[in-house]
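What follows is the residue order along each chain.
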Amino acid sequence: MRIDILTLFPEIVEAPLRASLLGKAQEAGRLEIVVTNIRDFALDRHKTADDAPFGGGAGMVMKCEPLFAAVESLRDRNSLSQVYLMSPRGRRLDQSIVRELAQGPDLALICGRYEGVDERVSQHLCAGELSIGDYVLSGGELPALVVVEAVSRMLPGVVGDWESVETDSFYDGVLGPPQYTRPREFRGYAAPQVLLDGDHAAIERWRRKEALRLTRRRRPDLLNNLDKDDRVLLAEIEREEDAERKGEQP
Ligand code: SAM
């Protein structure tokens, strides 16, 4: 997959893109990420990429001509079918949107700055706007990195062990299970015995049950589409927690 990031501040995204899984995925040719400096497409000799808002008001607005020219310059290498503006007003990112984005052969992410971006960019250049949550950052670079990292985890071969993706939170709708590693006991806190006994079926069942337990406590809104096995485990959890509340042995 190819991902283009368009920004006025390439230095904010370059180091994270070289590190860890993203760096390795690019070295292995599984992913191509290209950063374009929007300022290189400014029309005047001062390389102006922003201007005062029409109608007055605070701050500056990113101009549309450099952005259209920057995106259109990618035409030979990117289908431009998935050009998104990073914006707090956009669709709020979740795992189903991440999966959708990962289907495409390519993706282009525009990072806003200042008061935002001339509306004509969103209306006439982009397939939509993407938000990483209901809060406002100073620029779209960190949001773009969030999208890149989440999407790249869905691509074959980027995360070495696919099982680790499948057991992640949200992969199949629920939160991930608790994890433990050595030592077996730390300051009197013991790791669950079932994880140490080597019975793989029991471990799998325990992990699924604890994932459901966490989801029930923290994100009950995610428990809508459970299959029969999960509903059995959930009923068990409910009985246990009910007994605990009443001070009984489950
Ligand atoms: N005035 C804009 C508004 O109210 O929607 C916010 C501008 S913000 C200071 C500058 C840029 O940061 C935005 O154009 C966008 O690219 C990026 N940004 C800020 N918060 C974001 C979020 N939650 N998700 C995605 N992008 C965000």
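Look above for the structure.
All values derive from a computational prediction rather than experimental measurement. (Residues numbered from 1 in each chain as written. Predicted model: local features only at pLDDT ≥ 70, side-chain atom pairs only at ≥ 80, totals over all residues. Heavy atoms only, no water.)

Our next topic: the nonpolar core. If you look at the biggest cluster of nonpolar residues, it comprises 30 residues, and the most contacted ones within it are L17, L101, L107, L109, L130, V147 and V148. For this core, the element with the most residues is helix α6 (residues 141-153), which contributes 6 residues. The contact partners of L130, leaving out residues within four places of it in the chain, are Y84, L85, M86, S87, G90, R91, I97, L101, L109 and V147. Counting residues in each nonpolar core, the second largest holds 18 residues, with C64, I110, V121 and C126 among its members. (Core = buried A, V, L, I, M, F, W, Y, C linked by side-chain atoms within 4.5 Å. Buried < 20%, exposed > 50% of the residue type's maximum accessible area, 1.4 Å probe, protein only. Helix = DSSP H or I, 4+ residues; strand = E, 2+ residues; numbered from the N terminus. Contact = heavy atoms within 4.5 Å.)

Let's shift gears to the state of the cysteines. Should the sulfur atoms of two cysteines be covalently bonded, the bond is a disulfide. Inspection of every chain in the model, using the stated rule, returns 0 disulfides. C111 takes part in no disulfide bond, and the closest cysteine sulfur to it belongs to C126, at a distance of 11 Å. By relative accessible area, which is 14% here, C126 ends up buried. (Disulfide = S-S within 2.5 Å.)

Right, let's get into helix α8 (residues 200-218). Between its terminal C-alpha atoms α8 stretches 27 Å, which fits the 27 Å expected from 19 residues at 1.5 Å a residue. Among the residues of α8, those classed as buried are I203, W206, K209, E210, A211, L212, R213, L214 and T215. The N-cap of α8, judged by a side-chain oxygen 3.2 Å from the amide nitrogen of A201 a few residues on, is D199. (Expected span 1.5 Å × (residues − 1). Polar contact = N/O pair within 3.5 Å; in protein donor to acceptor, adjacent residues only side chain to side chain.)

Moving on, we come to helix α2 (residues 20-27). Inspection of α2 places L22, G23 and A25 among the buried residues, and these make up the whole buried set. Along the long axis of α2, the arc covered by the buried residues comes to 165°, so they all point the same way. Across α2 from its buried face, at more than 90 degrees, point the exposed residues S20, K24 and E27. Each element contacted by the buried residues of α2 is listed here: α1 (10-18), β2 (32-37) and α6. Looking one or two residues past α2, G29 carries a phi angle of roughly 75°, positive in sign. (Arc of directions from axis to C-beta.)

A separate point is the side chain of E241. Following the sequence through the fold, E241 ends up in helix α9 (residues 228-245). Residue class for E241 comes out buried when judged on its relative accessible area of 10%. A polar atom in the side chain of E241 sits 2.6 Å from the side chain of R216. The contacts of E241, once residues within four sequence positions are left out, are R213, R216 and R217.

Looking now at the environment of A25. Relative to the elements of secondary structure, A25 occurs in helix α2. Once the C-alpha coordinates of A25 and H200 are considered, the two residues, 175 residues apart in sequence, prove to be 31 Å apart. Discounting chain neighbours no more than four positions away, the residues touching A25 are R30, L31 and V158.

Mapped onto the fold, G128 is located in strand β7 (residues 128-131). G128 has contacts with V83, Y84 and L85, leaving out every residue within four places of it along the chain.

Our focus in this paragraph is the pairing of strand β1 (residues 2-7). With 6 of its 6 residues buried, β1 lies for the most part within the structure. Both faces of β1 are covered, namely the face carrying R2, D4 and L6 and the face carrying I3, I5 and T7. Sheet topology places β1 next to β2; 6 bridges connect them, and they run parallel. In the sheet register, T7 faces β2, and the bridge partner there is N37. Judged from the 5 bridges that link them, β1 and strand β6 (residues 106-110) form a sheet pairing that is parallel. Each residue of the ladder has a partner; that of D4, found in β6, is A108. (Pairing = 2+ DSSP bridges.)

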